[in-house]
Amino acid sequence: MKEKISFDQQAEWYRNGLQRPLLPHTDAFKQRNIYIMGPPGSGKTSIGRELARLMKKPLLDIDDDWLEPRWNTSVASKLSELGDEQFLEAEGQELLALDLQNHIISLTGSNPLHSQCMKHLSQSGIFVYLDVSRETILNRCEIMRIDRIVGQRTKTLNDILTWREHIYERSYDIRILIGLNETSKDIAEKIVKQLDTQSQMYESTRSASQMKYQQFLDVVQQGLAPDGGLFISRSFNSMSLGELQRLVGLPYPEVALRVIERFPLGTLHPSHLRTLLWQAYSSFPEEILPVHHLRKNQYLMETFHGPTASFKDLSLQLLPRLMQVATELTSKNEQKRTRLSLLVATSGDTGCAALDAFARLPGTPVIVLYPNTGVSTVQKAQMQTATGDVCVLGVDADFDYCQTTVKELFSDGNFLSDVHRLIPGLHLSSANSINWARFLPQVVFTINSYLQLVGQNRINFGDSIDICIPTGNFGNMLGAVYARRLGLPIRHLITASNENNVIADFIRTGSYDLRHRSFQKTISPSIDILISSNLERFLYLLTDGNYELIQQLFNKLAHERNFQVDGSLLQQIQSEIRGDWTTEKECRDMIRKVYLETQQLIDPHTAVGVHVADKLFKSDDVPILISATAHYGKFPQTILQAVGNDDQPLLSNDISVLLADLQSLKSTTPMHQELMKLPNKPVLHTTAVEATKSAIIKEIKTFLTNFSQQHSS
Ligand SMILES: *Cc1c(COP(=O)(O)O)cnc(C)c1O
């Protein structure tokens, strides 16, 4: 399946309002049927038989045990008697009479084409889709001389399969990816495993089982667990190489779907997730996450092609869409209208990316506070030119003041009730950076990049590679850790820090110590982080969910600014990841060196990664994928200083001058399209607010009043 599926098609498929049935091991679930669905030749009958044996449930094969006895003739002769359309209708009608529970039911290949029938069946069970490659199906159909497929008299088999694939893809509740040479028994076991994974609930890193009723959309809605821990799933369904190979050549949103589906999704229907993924990545250029050769054995995973030129876009374009679904679900359950909205303070990339992503959702008001003199030239231009229902306030204060004010507003009863009076049902969200749904899309990055290396013939499928990631909050890194656990052949996983090198030290010594450490402001500001929040998830994963230990470590960090881990855990950490770091000078030198060697420009965060990759693997032929997390165009001053002459005149603060200077550098790395547009975009938000809570509240209320007037008419 290499064709590109248009977004319109996707949107049409979205089974509006349809929730996937929850799959916990409840008695109610145990009564449900499991429908085996798939194209002709996918093995529905034999796999159904194995599954029935394994799950100790009775089996019904629609062809043999339902249609033929009721028709008293073979399905093939019925088809030739009635012709395609009448056959489909007759078949659908027979299934409307089906009233079974607790069965394994092997459908016919054409059952899913009858929508009334599918609706009827969905009430009593879930659809398991046997996703076998097109090539395999065509081969099998030829060998088996299958001649009783609806449509076969007028269309080619390939056309029939393409059409049906669209139907299966929008109908399934659970996908089973099938690689080469898997037996019916293997596949039945995979079904049981995936059913089990999908029925798992989320855990918090800081407490035991009482959290276990939270399913995916609850976790998205809540962000942080009530006990102060982070939501996490230790259950996921790993992939064999054969399954992984099925992803080669698929468009990015389709790879993302197949990866994210390996984690518990609760009531979020896969066809709904697919729509959200296509929508989210429609703001990217054609190549969403391309991989390019840099030098030697080094390749860049270019995660910066999103609308704000930051790797954050890849997860933040999806997050608000998932939050909106979760909010809608709450309104449906509580039968009141709610409206999602965003209130954040920002000092840089996260704020820009969240602003852009939320502003794209219609009817979602966005309020952003930033320090008037505390963001970069490019970031300020990005925010001041933002369009949509946005309120962008430059506050005459530093970032800490903005953040504290936002926190206060979230717990200010008067403010919140005023807001609710202006816009009833407004759900203010903070686009929490530790939201599980913000983390999850990051598992896709290294997997998709690996597939690209295969597609470019840089590696053979199955070869191991190394991964190096400039690390701040450890989200990107944890994504790679999960990718490896899912089955991606990764040899070494490396984190790269700047002078805020607490993680590199931690990996080396087991001591996470902030007591003698001060925050360094560097030229790679997005990884200027001392408390790396996703490290908590990593340690929870390594200790097999030892929440008592995690709670103890992170409480100690909060109160005493340090913690230590002992021998065996430290060994585990060291066997899983390596870490090193880069000084400011080394970072600048690396930007220059890469430019002189290759004429390519890399941003300072990427340079941190490249330096560490060089340092750890001097001469090595294993390919190393380095996460390029920002476009160089976001840091014009740093780049111009790094590659320029020493007698460089003082750098301008004017964005069009800076971008023009960058473009005069004759590099082979193209400028980012969205950044190029910045100088020509109208500046819409120049409101500067004095640093008082009342002034800020006044601006927000004016904005919300206007918003509600526009949206009530
Ligand atoms: C956020 C960010 C990082 C750090 O990613 P984490 O997942 O927080 O480790 C690195 N580089 C850039 C440019 C970023 O914006």
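Thresholds, definitions, all that
- Residues numbered from 1 in each chain as written.
- Predicted model: local features only at pLDDT ≥ 70, side-chain atom pairs only at ≥ 80, totals over all residues.
- Heavy atoms only, no water.
- Helix = DSSP H or I, 4+ residues; strand = E, 2+ residues; numbered from the N terminus.
- Rg over C-alpha atoms; globule rule 2.2 N^0.38 Å.
- Buried < 20%, exposed > 50% of the residue type's maximum accessible area, 1.4 Å probe, protein only.
- Contact = heavy atoms within 4.5 Å.
- Lys, Arg positive; Asp, Glu negative; His and termini not counted.
- Charge placed at Lys NZ, Arg CZ, Asp CG, Glu CD.
- Axes fitted to C-alpha atoms, helices over the stretch in contact; angles between N-to-C directions.
- Parallel < 35°, antiparallel > 145°, perpendicular 65-115°, else oblique.
- Left-handed = near helix turned anticlockwise from the far one by under 90°.
- Nonpolar A, V, L, I, M, F, W, Y, C, P; charged D, E, K, R; others polar.
- Phe/Tyr/Trp six-rings, centres within 6.5 Å; stacked < 30°, edge-to-face > 60°.
- UniProt positions renumbered as here; feature names shortened; annotations may be inferred.
- Pairing = 2+ DSSP bridges.
- Domains from an automatic or database assignment.
- Salt bridge = Lys/Arg side-chain N within 4 Å of Asp/Glu carboxyl O.
- Near = heavy atom within 4 Å.
- Polar contact = N/O pair within 3.5 Å; in protein donor to acceptor, adjacent residues only side chain to side chain.
- Areas by Shrake-Rupley, 256 points an atom, 1.4 Å probe, with all protein chains shown as cover.

> Can you tell me about the overall build of the protein chain, naming the residues and giving the values?
Scanning the protein chain for helices and strands turns up 33 helices and 20 strands. For the protein chain, the C-alpha radius of gyration of 27 Å lies close to 27 Å, the compact-globule estimate for 713 residues. Its C-alpha atoms put the protein chain at 90 × 65 × 50 Å along the principal axes. Counting all 713 residues of the protein chain, 59% fall into the buried class. Contacts in the protein chain between residues far apart in sequence, at least 24 positions, make up 76% of those at least 6 positions apart. Charge centroids of the protein chain, computed over 71 positive and 78 negative side chains, lie 1 Å from each other.

> Account for the packing of helix α5 (residues 75–82) against helix α6 (residues 84–96), naming residues and giving values.
Between α5 and α6, the least distance of the axes is 7 Å, while the angle of their chain directions is 130°. Our classification of the angle between α5 and α6 gives oblique. For the element pair α5 and α6, the recorded crossing hand is right-handed. Judged by residue contacts, Val 75, Lys 78, Leu 79 and Leu 82 of α5 engage Asp 84, Gln 86, Phe 87 and Ala 90 from α6. Residues of the contact of α5 with α6, tallied by class, amount to five nonpolar, one polar and two charged.

> Summarise the packing of aromatic side chains; cite the residues concerned and give the values.
With the rule as written, the count across this model stands at 23 aromatic pairs. Where Phe 506 meets Tyr 512, the ring centres are 5.5 Å apart and the plane angle is 70°; that geometry is what we call edge-to-face. Site record: aromatic cluster; members linked through ring pairs are Tyr 202, Phe 216, Phe 236, Phe 263, Trp 436, Phe 439 and Tyr 482.

> Before we move on, can you summarise the UniProt feature "domain: Tryptophan synthase beta chain-like PALP" (unreviewed entry) in the protein chain with the specific residues and values?
Within the UniProt annotation, "domain: Tryptophan synthase beta chain-like PALP" (unreviewed entry) is assigned to residues 300–530. Secondary structure within residues 300–530 divides into 43% helix and 19% strand; the distance between the first and last C-alpha atoms comes to 26 Å.

> Let's hear about the sheet that holds strand β11 (residues 366–371): which residues, and what values?
Judged by pairing direction, the sheet is parallel, and its five strands sit side by side in the order β13-β10-β11-β12-β20 without closing on themselves. For this open sheet the edge positions go to β13 (426–429) and β20 (688–689), each flanked by a neighbour on one side alone. Direction of pairing for β11 relative to strand β12 (residues 390–395): parallel, over a ladder of six bridges. Across the sheet, Tyr 370 pairs through a bridge with Gly 394, a residue of β12. Taken strand by strand, helix α19 (residues 399–410) contacts β10 (339–345), β11, β12 and β13, and its axis lies near 145° from that of β10. Across the sheet, helix α33 (residues 693–712) lies against β10, β11, β12 and β20, angled at about 165° from β12, the strand it touches most.

> Residues and numbers for the sheet that holds strand β8 (residues 291–295), please.
Taken in spatial order, the six strands of this open sheet run β8-β9-β19-β14-β15-β18, and their pairing is mixed. Every other strand in the sheet has two partners, leaving β8 and β18 (578–581) as the edge strands with one partner each. Each adjacent strand pair in this sheet contributes to an overall mean axis angle of 30°, direction not counted. Strand direction decides the pairing type here: strand β14 (residues 465–470) and strand β15 (residues 490–497), joined by five bridges, are parallel. Considered in β15, the bridge of Ile 467 is made with Leu 493. Lying on the sheet, helix α24 (residues 502–509) is in contact with β15 and β18; it crosses β18 at an angle near 135°. In this fold helix α28 (residues 584–598) packs onto β8 and β18, with an angle of close to 95° to the strand it touches most, β8.

> Please provide a residue-by-residue account of the domain arrangement of the protein chain, values included.
When its domains are assigned, the protein chain resolves into domain 1 (7–199), domain 2 (290–302 + 442–671) and domain 3 (311–432 + 680–706). The C-alpha centroid of domain 2 is placed 45 Å from the C-alpha centroid of domain 1.

> Kindly report on the pattern of salt bridges, identifying the contributing residues and their values.
As enumerated under the stated definition, the model contains 37 salt bridges in all. In this structure, Glu 169 engages Arg 175 in a salt bridge whose closest nitrogen and oxygen atoms are separated by 2.9 Å. For the salt bridge of Glu 254 with Arg 258, the shortest nitrogen-to-oxygen distance reads 2.9 Å. Taken together, the positions of Glu 254 and Arg 258, both in helix α13 (residues 252–260) and four residues apart, correspond to about one turn of that helix.

> Quick one: what's the story with the UniProt feature "modified residue: N6-(pyridoxal phosphate)lysine" (unreviewed entry) in the protein chain, residue by residue and with numbers?
The UniProt record annotates "modified residue: N6-(pyridoxal phosphate)lysine" (unreviewed entry) at Lys 312. Turning to its location among the elements, Lys 312 is positioned in helix α15 (residues 312–316). Since its relative accessible area comes to 13%, Lys 312 is described here as buried. Setting aside residues no more than four positions away along its own chain, Lys 312 makes contact with Asp 349, Thr 350, Ala 353 and Arg 438.

> Now, about the site of the ligand: what can you tell me, with residues and values included?
The immediate surroundings of the ligand are formed by 16 residues, with Lys 312, Gly 472, Asn 473, Asn 476 and Thr 629 found nearest. The contact in question runs from an oxygen atom of the ligand to an N or O atom on the backbone of Gly 472, over 2.7 Å. Separating a nitrogen atom of the ligand from a side-chain N or O atom of Thr 629 is a distance of 2.8 Å. Protein burial of the ligand: of its 380 Å² of free accessible surface, 96% is covered by the chains. Split into classes, the residues belonging to the shell around the ligand amount to five nonpolar, nine polar and two charged. Lining the shell around the ligand are residues from two domains, each supplying at least three of them: domain 2 (290–302 + 442–671) and domain 3 (311–432 + 680–706).

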